[in-house]
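Listed below, chain by chain, are the residues.
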Amino acid sequence: MVINTTRWSPDTCSCIIEYSWDSTEPESTRTHTLSNFVNVCSFHSGLANNTTRWNTVLEENPRKNIAYQLILDNGPAGLSDIVDGSKQLKNGITINTLWSGTAPNRVLTITVTGLTLTQNQKNSIQTFLNNRFGAGKVLIA
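Conventions adopted
- Residues numbered from 1 in each chain as written.
- Predicted model: local features only at pLDDT ≥ 70, side-chain atom pairs only at ≥ 80, totals over all residues.
- Heavy atoms only, no water.
- Helix = DSSP H or I, 4+ residues; strand = E, 2+ residues; numbered from the N terminus.
- Buried < 20%, exposed > 50% of the residue type's maximum accessible area, 1.4 Å probe, protein only.
- Contact = heavy atoms within 4.5 Å.
- Areas by Shrake-Rupley, 256 points an atom, 1.4 Å probe, with all protein chains shown as cover.
- Phe/Tyr/Trp six-rings, centres within 6.5 Å; stacked < 30°, edge-to-face > 60°.
- Lys NZ or Arg CZ within 6 Å of the ring centre and 35° of its normal.

Undergrad: Could you give me a rundown of the overall build of the protein chain, with the residues and numbers involved?
TA: Looking only at helices and strands, the protein chain has two helices and eight strands in total. When each of the 141 residues of the protein chain is scored for burial, the buried share is 33%. Within the protein chain, residue pairs in contact and separated by at least 24 positions form 41% of the contacts whose partners lie at least 6 positions apart. Entry remark: accessible area of the protein chain is about 8,000 Å², with carbon and sulfur atoms responsible for 49%.

Undergrad: Could you give me a rundown of the side chain of K64, with the residues and numbers involved?
TA: Positionally, K64 belongs in helix α1 (residues 50-74). The residues touching K64, leaving out its near neighbours within four places in the chain, are D11, T12, T97, W99 and L108.

Undergrad: Tell me about the packing of aromatic side chains, and name the residues and values.
TA: Enumeration according to the criterion identifies two aromatic pairs in this entry. Considering the side-chain rings of W8 and Y19, the 6.5 Å spacing of their centres and the 85° angle between planes classify their relative orientation as edge-to-face. In this pair, W8 sits in strand β1 (residues 3-8) while Y19 sits in strand β2 (residues 16-22), placing the two residues eleven residues apart along the sequence. The class of Y19 is buried, set by a relative accessible area of 12%. When the ring of Y19 is compared with that of W54, the centres are 5.9 Å apart and the planes differ by 40°; the resulting orientation is tilted. Residue Y19 is found in strand β2, and its partner W54 is found in helix α1; the two are separated by 35 residues along the sequence. In terms of burial, Y19 and W54 fall into one category: buried. Three or more aromatic residues joined by ring pairs make a cluster, and in this case those are W8, Y19 and W54. Between R106 and the ring centre of F43, over which it is positioned, the NZ or CZ distance is 4.2 Å.

Undergrad: Kindly report on unusual backbone geometry, identifying the contributing residues and their values.
TA: Residue P104 is reached from A103 by a cis peptide bond, and omega for that bond is 10°. One can find P104 in the loop between β6 (94-100) and β7 (107-113). Positive phi, close to 50°, is recorded for D84, a residue that is not glycine. As for its placement among the helices and strands, D84 is situated in the loop between β4 (80-83) and β5 (86-89).

Right under this line is the structure:
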């Protein structure tokens, strides 16, 4: 067993977290275990304890990443190109994220700039997001 410690700053808040993991375990079965919160952001400071903060961050960060991928996979044709076998936003198009509310119930609002989405396109994307996360967790603006 070889235990490593990683310091991580998620891109969904300003928390700084240290977690440990065993590098002899395959990535597919590896467990990341909370070691310490170096910094707790204002969004997560009101949560009861570090375990609750850790679990909340571990829900929020993948939610943003999965939402981004759902938009790429299900957005209109003008949104993305296939580059080296994977979908990427076309040049000049960005997906912006804004978190609101209080953890553990923060809402992620996503806007697309560089391409005007029709209301039907927004509705279609919102349906995919609702089906994946439940209504009101991720919004397309």
